[in-house]
Amino acid sequence: MPLEDGDPVRWRGQQVNGEVSGTPRLGGTGDPPPQSTPAPDSSRTEAMAEGWEPGPALGDRDMTPGGASQQAGQEPGRHEEALMAELSELVQKVVKSSSWWERHGVDISILACSFLLLPAGFLCLRSAQAIPFLVGVLTLGVVHHTLTVKGSHLASHNALTESKSWGKVWAIFFIELCSAFTAEQATYNHVKIHHGYTNVIGLGDSSTWKLPFLNRYIYMFIAPLAVPIITPLVALDLLRNVEWKAALRTLCCMFLGLYCHYWLLLHVSGFQSPWSALLCMLLTRSLLAHPYIHVNIFQHIGLPMFAADRKPKRIHLMSLGVLNLPRNALLDWSFGHSLISCHVEHHLFPGLSDNMCLKIKPIVSQYLKQKKLPYNEDTYASRLRLFLQRYEELMVHAPPITELVGIQ
């Protein structure tokens, strides 16, 4: 729920769709974001992003309001830590009672099915008839996004396996070979920064998705088509920040992944010219680029934003700054539940697989509502209308910093 500049807004556990479920209150100060923010401490951000009960991160200051916790005679911050510990215990019970199939097998099977669909997709492109050709494009497009979005996301959180060694292998495979990006930078920016500092301005505020020089319609409907081109270019620029051995490995994996796609279009699908093969690559790799961009901004931007030294504790940070979208069969398959209908659960427990996020969703939603904490939900269409109407405010200008002023 976006905050207007200079307008105090009371947040009483209000969901974005207007349903009221709690009583926390927020006020927007209209203050500009800090001009410079010190780099986060990687050890503390990693613990925050991946652990069950992470400690405070950079600039973390107890923002526990005087109401509930002080009336209970607890020290500042202890109430929030107790809430997170209680929720973690409930979730861990579910995880421990779940089978390997539930923890990892379901999502691995989805990725395996996607690989098995690749030959059918390339062979359909051999057809001179429109319908089989379009089936091939749709198949390869969905498979590509399943491997690059769902696979890369799970691999970055080591949610595909309980082995760190195999987790590293899967991260390189899905992020570098399939997605043409660098695994180290993807993991650092997403896991340590975005998850560690969700909606903290200057760190995890999703500002990397903002292109203020574009108007709303170009950004929302035309620019996503360039994602397959922009992604490897950004990766090449980020290679300056990694060791030369990792950079060389990334370059080899990126080239191998892109060339294999190109070679298969020429020799299996039967494209006659390099340009037609490259155009088909662009088409399949950008098939779901629009919802990919939309989901990344819908679920954070427009929700409360915080300064690094004035952010609430973890359970409030995630319940206030993260939003769930409704379930969608295509996006659930291609992007995963943790990026669509279980994004709140994913930010609270990022090490869980998509299927486990779906399994703990009733527990998390019920717990947050019982404790009078926000559980943000909204529809895709509603968020799209919001961003088109308030694009200047949300995507061009820096959002106002939110002050946590009281929890009743």
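Residues numbered from 1 in each chain as written. Predicted model: local features only at pLDDT ≥ 70, side-chain atom pairs only at ≥ 80, totals over all residues. Heavy atoms only, no water.

Where an unreviewed UniProt entry is consulted, the chain appears under the name FADS6 desaturase, with the organism given as Balaeniceps rex.

Okay, the packing of helix α4 (residues 100-124) against helix α16 (residues 354-370) next. At their nearest, the axes of α4 and α16 sit 7 Å apart, and the two run at 130 degrees to each other. It follows from the interaxial angle that α4 and α16 lie oblique. Together, Glu102, Arg103, Val106 and Asp107 of α4 and Asp354, Asn355, Met356 and Lys359 of α16 make up the contact between the two elements. In the contact of α4 with α16, the residues fall into 2 nonpolar, 1 polar and 5 charged. (Axes fitted to C-alpha atoms, helices over the stretch in contact; angles between N-to-C directions. Helix = DSSP H or I, 4+ residues; strand = E, 2+ residues; numbered from the N terminus. Parallel < 35°, antiparallel > 145°, perpendicular 65-115°, else oblique. Contact = heavy atoms within 4.5 Å. Nonpolar A, V, L, I, M, F, W, Y, C, P; charged D, E, K, R; others polar.)

Before going further, it helps to spend a moment on the UniProt feature "transmembrane region" (unreviewed entry) in the chain. Per the UniProt entry, the sites bearing "transmembrane region" (unreviewed entry) are residues 217-239 and 246-268 in this numbering. In residues 217-239, the share of helix is 78% and the share of strand is 0%. The end C-alpha atoms are 32 Å apart. Strand forms 0% of residues 246-268 and helix 96%; the C-alpha atoms that close the span are 32 Å apart. (UniProt positions renumbered as here; feature names shortened; annotations may be inferred.)

The term disulfide refers to a covalent linkage connecting the sulfur atoms of a pair of cysteines. One pass over the full model with this rule turns up 0 disulfides. Cys178 forms no disulfide, and the closest cysteine sulfur to it belongs to Cys253, at a distance of 9.8 Å. On the basis of relative accessibility, which here comes to 12%, the residue Cys178 falls in the buried class. (Disulfide = S-S within 2.5 Å. Buried < 20%, exposed > 50% of the residue type's maximum accessible area, 1.4 Å probe, protein only.)

Leu348, Phe349, Val364 and Leu368 are the most contacted members of the largest nonpolar core, which totals 30 residues. At the level of secondary structure, the elements contributing two or more residues to this core comprise α3 (78-96), α13 (314-321), α15 (343-348) and α16. Discounting chain neighbours no more than four positions away, the residues touching Leu348 are Met84, Leu87, Arg314, Ile315, Met318, Val364 and Leu368. In this structure, Ala155, Ile175, Leu238 and Met254 belong to the second largest nonpolar core, which totals 18 residues. (Core = buried A, V, L, I, M, F, W, Y, C linked by side-chain atoms within 4.5 Å.)

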